[in-house]
Amino acid sequence: MSTPNWTCPPAHPFIPAAQGDRRSPCPALNALANHGYLPRNGQNIGLWHLISAVQEVYNLSFILAAILALAGVLFCGRAFRLDLDALALHNKIEHDASLVHADALGQQRAPIKVDPKLLKSFLSHADPRRGMSLYDLAQVRISREAQLARPLDLIHSQIGAAEAALCWLLLKQDSGRIPSSTLLQWYGEERLPDNWVRPRRVIGLLDARSKAAEVTNIMSTLKKSTCRSTPSSSNFDVSVLGLRTILKCDS
């Protein structure tokens, strides 16, 4: 169930990041900074401020908000404070195969700006009329991970599934789908979307874990289905992506 369409309070207008402001690879936190729920410069954010902002806007339980905030501060912050751009430190929490950010490619920090080509590809998985389902999000994760020269390790693969699950829990309508316009504004513009429906029921740790497991299961089923299918000689495409898929099936 959801509340009526959420309207951004006048005290929290959308203002894009200015030069010198810090931002992260996380659209959820960037949106909070761009609306002033977190410091607009993205710097020196205290643990409790981070927890309360996530709870207020996204309606996460205290336990889930605290776990996510504490992970960010412990892995990427210092003295229980966090600059948003520190979340781009590669293979801490951030990982390759982001939905809309390019891979780190050997750099210490991953790109923070949204990649237009990845954003376009991501949105193409959504039904133009119905939007994007949890199943669609799992398909996008498979597509992105298949582009990697080396697969994600187990921890970062699970983080990727959890990110997709949280996206769905936060943005979905009662139909279980996320409108393309909502995805564009949240991922592409890093703002709280127009006509967004804030979750009425608090999203807890068990909710997040359950949906993350569902994403993982969908991905596993789709990969097995791809491995078992036998392409005909007329449409067999020996591409780099195809060879990679075959090798994964044999491993």
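Everything below is about the structure shown above.
No experiment lies behind these values; they were computed from the predicted model shown.

## Notes on the environment of Ala-138
Residue position: Ala-138 is located in helix 5 (residues 134-145). Residues Ala-138 and Leu-222, spaced 84 residues apart in sequence, show a C-alpha to C-alpha distance of 8.9 Å. When residues no more than four places from it in sequence are discounted, the contact partners of Ala-138 are Val-215, Ile-218 and Met-219.

## Quick word on the packing of helix 4 (residues 116-124) against helix 7 (residues 180-188)
Contact geometry for helix 4 and helix 7: axes closest at 10 Å, N-to-C directions at 155°. Of the possible angle classes, the one that applies to helix 4 and helix 7 is roughly antiparallel. Both helix 4 and helix 7 take part in a crossing whose hand is right-handed. Contact residues: Leu-119, Phe-122 and Leu-123 in helix 4; Ser-180, Leu-183, Leu-184, Tyr-187 and Gly-188 in helix 7. Tallied by class, residues from the contact of helix 4 with helix 7 come to six nonpolar, two polar and no charged.

## Observations regarding the nonpolar core
Ranked by size, the top nonpolar core spans 59 residues in total, and within it Leu-32, Tyr-58, Phe-122, Leu-137, Leu-183, Trp-186 and Tyr-187 carry the most contacts. Those elements that provide at least two residues to this core are helix 1 (27-34), helix 2 (47-58), helix 3 (62-76), helix 4, helix 5, helix 6 (154-171), helix 7 and helix 8 (205-228). Considering each element in turn, this core owes the most residues, nine residues, to helix 6. Among all residues touching Trp-186, those that are not within four sequence positions of it are Pro-27, Ala-28, Ala-31, Tyr-58, Cys-167, Leu-170, Leu-171, Arg-191 and Pro-193.

## Things to note about helix 2
Counted at 1.5 Å a residue, the expected span for helix 2 with its twelve residues is 16 Å, and the 16 Å between its end C-alpha atoms agrees. Buried residues of helix 2: Leu-47, Leu-50, Ile-51, Ala-53, Val-54, Val-57 and Tyr-58, and no others. Each buried residue of helix 2 lies within a common arc of 165° when the element is viewed along its axis, so the set occupies one face. Tucked inside the fold, the buried residues of helix 2 contact helix 1, strand 1 (45-46), helix 3, strand 2 (81-82), helix 6 and helix 7.

## Considerations on empty space enclosed by the protein
Per the counting criterion, the structure on display carries two cavities of 30 Å³ or more. Volume-wise, the largest cavity comes out at about 40 Å³. Considering the residues around the largest cavity, the lining is formed by Leu-99, Leu-118, Ser-121, Phe-122, His-125, Val-140, Ser-143, Arg-144 and Gln-147. Every element with two or more residues in the lining of the largest cavity is listed here: helix 4 and helix 5. Residue composition of the lining of the largest cavity, grouped by class: four nonpolar, four polar and one charged. For the second largest cavity, the calculated volume is near 40 Å³.

## Here's the deal with unusual backbone geometry
Leaving glycine aside, a negative phi is the common case for residues, and trans is the common case for peptide bonds. Backbone geometry places Asn-44, a non-glycine residue, at a positive phi of 55°. The topology assignment puts Asn-44 in the loop between helix 1 and strand 1. Residue Asn-44 is classed as partly exposed on the basis of its relative accessible area of 46%. Of note, Ala-97 is a non-glycine position whose phi angle comes to about 70°, a positive value. Here Ala-97 is to be found in the loop between strand 2 and helix 4. A residue is classified by how much of its surface remains accessible, and Ala-97, at 0% relative accessible area, is buried.

## Examining the pattern of salt bridges
Counted according to the given criterion, the structure contains ten salt bridges. The closest approach of N and O atoms between Arg-22 and Asp-83, which form a salt bridge, is 3.3 Å. A residue pair is termed long-range when its members are at least 10 positions apart, and Arg-22 in the segment before helix 1 and Asp-83 in the loop between strand 2 and helix 4 qualify at 61 residues. By relative accessible area, which is 27% here, Arg-22 ends up partly exposed. Among the residues examined, Asp-83 registers a relative accessible area of 16% and is labelled buried. Residue Arg-177 is joined to Asp-136 by a salt bridge in which the shortest nitrogen-to-oxygen separation is 3.5 Å.

Calculation rules
Residues numbered from 1 in each chain as written. Predicted model: local features only at pLDDT ≥ 70, side-chain atom pairs only at ≥ 80, totals over all residues. Heavy atoms only, no water. Helix = DSSP H or I, 4+ residues; strand = E, 2+ residues; numbered from the N terminus. Contact = heavy atoms within 4.5 Å. Axes fitted to C-alpha atoms, helices over the stretch in contact; angles between N-to-C directions. Parallel < 35°, antiparallel > 145°, perpendicular 65-115°, else oblique. Left-handed = near helix turned anticlockwise from the far one by under 90°. Nonpolar A, V, L, I, M, F, W, Y, C, P; charged D, E, K, R; others polar. Core = buried A, V, L, I, M, F, W, Y, C linked by side-chain atoms within 4.5 Å. Buried < 20%, exposed > 50% of the residue type's maximum accessible area, 1.4 Å probe, protein only. Expected span 1.5 Å × (residues − 1). Arc of directions from axis to C-beta. 1 Å grid on protein atoms, 1.4 Å probe; cavity = no way out; pocket = protein on both sides within 12 Å on 5 of 7 lines; lining within 4 Å. Points joined across faces, edges and corners; volume = space filled by probe spheres on them. Salt bridge = Lys/Arg side-chain N within 4 Å of Asp/Glu carboxyl O.

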